[in-house]
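# Analysis of the macromolecular model
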Amino acid sequence: DVKVTQSSRYLVKRTGEKVFLECVQDMDHENMFWYRQDPGLGLRLIYFSYDVKMKEKGDIPEGYSVSREKKERFSLILESASTNQTSMYLCASSLLSQPKAFFGQGTRLTVV
Amino acid sequence: AQTVTQSQPEMSVQEAETVTLSCTYDTSESDYYLFWYKQPPSRQMILVIRQEAYKQQNATENRFSVNFQKAAKSFSLKISDSQLGDAAMYFCAYRHDKLIFGTGTRLQVFP
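Residues numbered from 1 in each chain as written. Chains lettered and ligands numbered in written order. Predicted model: local features only at pLDDT ≥ 70, side-chain atom pairs only at ≥ 80, totals over all residues. Heavy atoms only, no water.

Quick look at the nonpolar core now. Within the largest apolar cluster, 26 residues are counted, with the highest numbers of intra-cluster contacts made by Tyr 25, Trp 36, Phe 75, Leu 77 and Tyr 90 of chain B. In terms of residues, this core owes the most to one element, strand E10 (residues 88-95) of chain B, which gives four residues. Beyond its immediate chain neighbours, meaning those up to four positions away, Phe 75 of chain B contacts Cys 23, Tyr 25, Leu 34, Phe 35, Trp 36, Gln 51, Val 66, Asn 67, Phe 68 and Cys 92 of chain B. Core analysis: the second largest hydrophobic core is formed by 20 residues, Trp 34, Tyr 64, Val 66 and Cys 91 of chain A among them. (Core = buried A, V, L, I, M, F, W, Y, C linked by side-chain atoms within 4.5 Å. Buried < 20%, exposed > 50% of the residue type's maximum accessible area, 1.4 Å probe, protein only. Helix = DSSP H or I, 4+ residues; strand = E, 2+ residues; numbered from the N terminus. Contact = heavy atoms within 4.5 Å.)

In structure tokens form, the structure reads like this:
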């Protein structure tokens, strides 16, 4: 079965730190997505990528950047973490030709 | 812009009964996919059911079925014979190029 792995399940960082959230998939998927999940707001798309070195802004890209240097890895970067970025972050991947997305287990990030 | 709306923040159902979760969406595209995902307390997103927009027939997966009304842009999920294990957050999702989600419905199941 497809495996999407997020590097940390829980993370605590200080305000102003640069934070990297890593996501790796093992099924050669072209598409990868980063979401944040907040109570009452559902999953909101931050960035997505169709292929290596390609990225598209989602609905809430402000304060975030991404990197996709290799097909299997999609990194979400918080350049200068702020308390309002405390959230659950979910990564997903899918084939370009198939609509079904597979999700990682999520990273609960707390910025103090 | 494409949007997905779930107007029921919480729903409850008694075990063995039937419950329907509502979802509407907005798009100008004619070719897209719709999904219902389940998120239990483990946080793992689980695909429950999917519907291709070009298919008129409503999708069914065991106790889960959808009522897809393309003209009305409505996509509701019916859970029959509800079980305690169905308790979770349920998210409606739309995909054309990007995959976008609604705000979720928390389903409680009472014995």
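Residue and element names in this part refer to chain A. Assignment of secondary structure puts Ser 75 in strand E8 (residues 73-78). Each C-alpha atom of the pair Ser 75 and Tyr 47 lies 10 Å from the other, and the pair is 28 residues apart in sequence. Contacts of Ser 75, omitting those with residues within four sequence positions, involve Leu 21, Glu 22, Trp 34, Ser 65, Val 66 and Ser 67. Looking at Ser 75, its side chain comes within polar contact range of the side chain of Glu 22, at 2.5 Å. (Polar contact = N/O pair within 3.5 Å; in protein donor to acceptor, adjacent residues only side chain to side chain.)

Turning our eyes to something else, we now look at the interface of chain A and chain B. Taken together, the contact between chain A and chain B spans 28 residues of the former and 19 residues of the latter. Both sides of the chain A and chain B interface together cover about 1900 Å² of buried area, and 52% of this is carbon and sulfur. One can count one salt bridge joining chain A with chain B. Taking the shortest distance from any N to any O, the salt bridge between Lys 98 of chain B and Asp 59 of chain A comes out at 3.5 Å. Elements represented by at least two residues in the side of chain A that touches chain B include exactly strand E4 (31-38), strand E5 (42-49), strand E9 (87-94) and strand E11 (107-111) of chain A. (Buried area = accessible area lost by both parts, 1.4 Å probe. Salt bridge = Lys/Arg side-chain N within 4 Å of Asp/Glu carboxyl O.)

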